[in-house]
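Architecture at a glance
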Amino acid sequence: MTEQRHRVFSGARPTGRQHLGNYLGAIRNYVALQDDYDCIYCVVDLHALTTLSDTDKLRTWTYEMTLDWLAAGIDPDRGTILFVQSHVPQVVELHLLLSMVTPLGWLTRLPTFKEKVRQQPDNVNYGLVGYPVLMAADITLYKADTVPVGVDQAPHLEFTREIVRRFNRLFGDVLVEPQAKYTEFTKVLGIDGKQKMSKSLNNHIEIASPPEEIQGRVMQMMTDPARRYRSDPGHPEVCNVYSLHKFFSADEVGQIEHDCRNAGIGCVQCKRKLAQNIADYFAPFRERRAEWDAHPDDVWDVLADGARRASAIAEETITAVKDAIGLPERR
Ligand code: SF4
């Protein structure tokens, strides 16, 4: 008898073309999880509204991000459900119902909420406060029992677990309490070598970029600040170029480290090598992406089919939740 697979849920805001930080931090994990789990991946466009003032890019960014995910290997033919959050409106309903069992103090005390208030004092909207409740609705609506998280994201999932426990205590064992699957979420620094790679900081390298663009961005990368001349020995452990070599130049990384420490290689040459290896790594990805992009309707069809399959699970959950609460039946 085959054992039932656990179900993973994860979502990401639509941010358009994905960069190396998105890829190394999340997408490659998403792809790998498909081997052992039933996976549900969601473009969380509603979450994006809490911080976006300008929504005219949402559709393009959803499309571009989906293209990158599909080309990277997220594969509906393997059973993965890929869809857009707002296409399954039951999530909004569950969000409201869960908000009724979530004390306001829990939400306003969260460090992430305080951080957002600090970042956007002129736009402290209601959605921002309820963000973790919407996240709990995302996970529980699809009966996911597993959520991939990095160690630093564990408190977010714990919040969902608290809401689930509270709901189940009040209304019976209806919602699935998700468990964390600790995954290595590699933090990638931007080309400035200081801050996390991010589109909004324009310190990113897009994975769909053609080789010449990748080279242009890599050549701008900060290196070991103490290495001022070609003849100075370098310190690869403080160099972001070296960090990326560890992933993209695995066969040569020992040699690069040795040559850097002994001034046997210059930073320009080292960066060219990295740019080449990144471009080679993503060559098959770029081909698959171009194939998908030649048929945009197919991309939207994948999302529509994902929404249909997600809706079927959502409907079961929302019916059970309303029933447990005791809302009057509609005849
Ligand atoms: S040689 Fe390479 S690893 Fe060493 S400091 Fe320069 S760019 Fe960094």
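Residues numbered from 1 in each chain as written. Predicted model: local features only at pLDDT ≥ 70, side-chain atom pairs only at ≥ 80, totals over all residues. Heavy atoms only, no water.

**A closer look at the site of the ligand**
In the region of the ligand, the neighbouring residues are Thr 223, Asp 224, Arg 227, Cys 239, Val 241, Tyr 242, Cys 260, Ile 265, Cys 267 and Cys 270. Cavity membership is defined here by more than half of the atoms lying within 2 Å of grid points; on that basis the ligand lies in the largest cavity. Taken together, the elements giving at least two residues each to the shell around the ligand come down to α10 (240–248) and α12 (267–281). (Near = heavy atom within 4 Å. 1 Å grid on protein atoms, 1.4 Å probe; cavity = no way out; pocket = protein on both sides within 12 Å on 5 of 7 lines; lining within 4 Å. Sits in = over half its atoms within 2 Å of the grid points. Helix = DSSP H or I, 4+ residues; strand = E, 2+ residues; numbered from the N terminus.)

**Quick look at helix α7 (residues 126–141)**
Taking 1.5 Å of rise per residue, the 16 residues of α7 would be expected to cover 22 Å, and the 21 Å separating its terminal C-alpha atoms lies within 8% of that figure. Maximum bend of α7: about 45 degrees, positioned at Pro 132. Looking at α7, one finds that the buried residues are Leu 128, Val 129, Gly 130, Pro 132, Val 133, Leu 134, Ala 136, Ala 137, Asp 138, Ile 139, Thr 140 and Leu 141. A positive phi of about 55 degrees marks Lys 143, the residue just after α7. (Expected span 1.5 Å × (residues − 1). Bend = angle between axes of the 7 residues up to and from the residue. Buried < 20%, exposed > 50% of the residue type's maximum accessible area, 1.4 Å probe, protein only.)

**Side note on the layout of surface pockets**
As a volume, the second largest pocket reaches approximately 260 Å³. Around the second largest pocket, the lining residues are Gln 90, Glu 93, Glu 315, Ile 318, Thr 319, Lys 322, Asp 323, Leu 327, Pro 328, Glu 329 and Arg 330. Looking at the lining of the second largest pocket, its residues break down into 3 nonpolar, 2 polar and 6 charged. (Points joined across faces, edges and corners; volume = space filled by probe spheres on them. Nonpolar A, V, L, I, M, F, W, Y, C, P; charged D, E, K, R; others polar.)

**Quick notes on empty space enclosed by the protein**
Under the counting rule described, the total for this entry stands at 1 cavity of 30 Å³ or more. Along the walls of the largest cavity sit 16 residues, with Arg 227, Cys 239, Cys 260, Cys 267 and Cys 270 positioned nearest its centre. Counting only elements with at least two residues in the lining of the largest cavity, the list comes to α10, α11 (253–261) and α12. With 3 residues, α12 is the largest single contributor of residues to the lining of the largest cavity. The residue inventory of the lining of the largest cavity, partitioned by class, reads 9 nonpolar, 4 polar and 3 charged.

**Points about α10**
Of all the positions in α10, only Asn 240, Val 241, Tyr 242, Leu 244, His 245 and Phe 248 are classed as buried. Considering only its buried residues, α10 is in contact with α1 (20–33), α11 and α12. (Contact = heavy atoms within 4.5 Å.)

**As for unusual backbone geometry**
Look at Lys 143: it is not a glycine, yet its phi comes out positive at around 55 degrees. Positionally, Lys 143 belongs in the loop between α7 and β4 (146–149). A positive phi angle, near 50 degrees, is found at Asn 202, a position not held by glycine.

**Let's talk about the packing of aromatic side chains**
Two numbers describe a pair of aromatic rings. These are the distance of the centres and the angle of the planes. The final tally for this structure, using the stated rule, is 15 aromatic pairs. Plain terms: the ring middles of Tyr 30 and Tyr 41 are 4.3 Å apart, the flat faces sit at 10 degrees to each other, and that makes the pair stacked. Taken together, the residues Tyr 30 in helix α1 and Tyr 41 in strand β2 (residues 38–43) connect sequence positions 11 residues apart. Neither Tyr 30 nor Tyr 41 differs from the other in exposure class; each is buried. (Phe/Tyr/Trp six-rings, centres within 6.5 Å; stacked < 30°, edge-to-face > 60°.)

**A few points about the pairing of β2**
Judged by how many residues are buried, β2 sits mostly within the fold: 5 of 6 residues are covered. Here 6 bridges tie strand β1 (residues 7–12) to β2, and the two strands are oriented parallel to one another. Directly across from Gly 11, in β2, lies its bridge partner Cys 42. After leaving β1, the chain enters α1 and then returns to the sheet as β2, a path that is right-handed. Where β2 and strand β3 (residues 81–84) come together, 4 bridges link them in parallel fashion. Note that in β3 the partner of Tyr 41 across the bridge is Leu 82. (Pairing = 2+ DSSP bridges. Right-handed = clockwise from strand over helix to strand, strands pointing away.)

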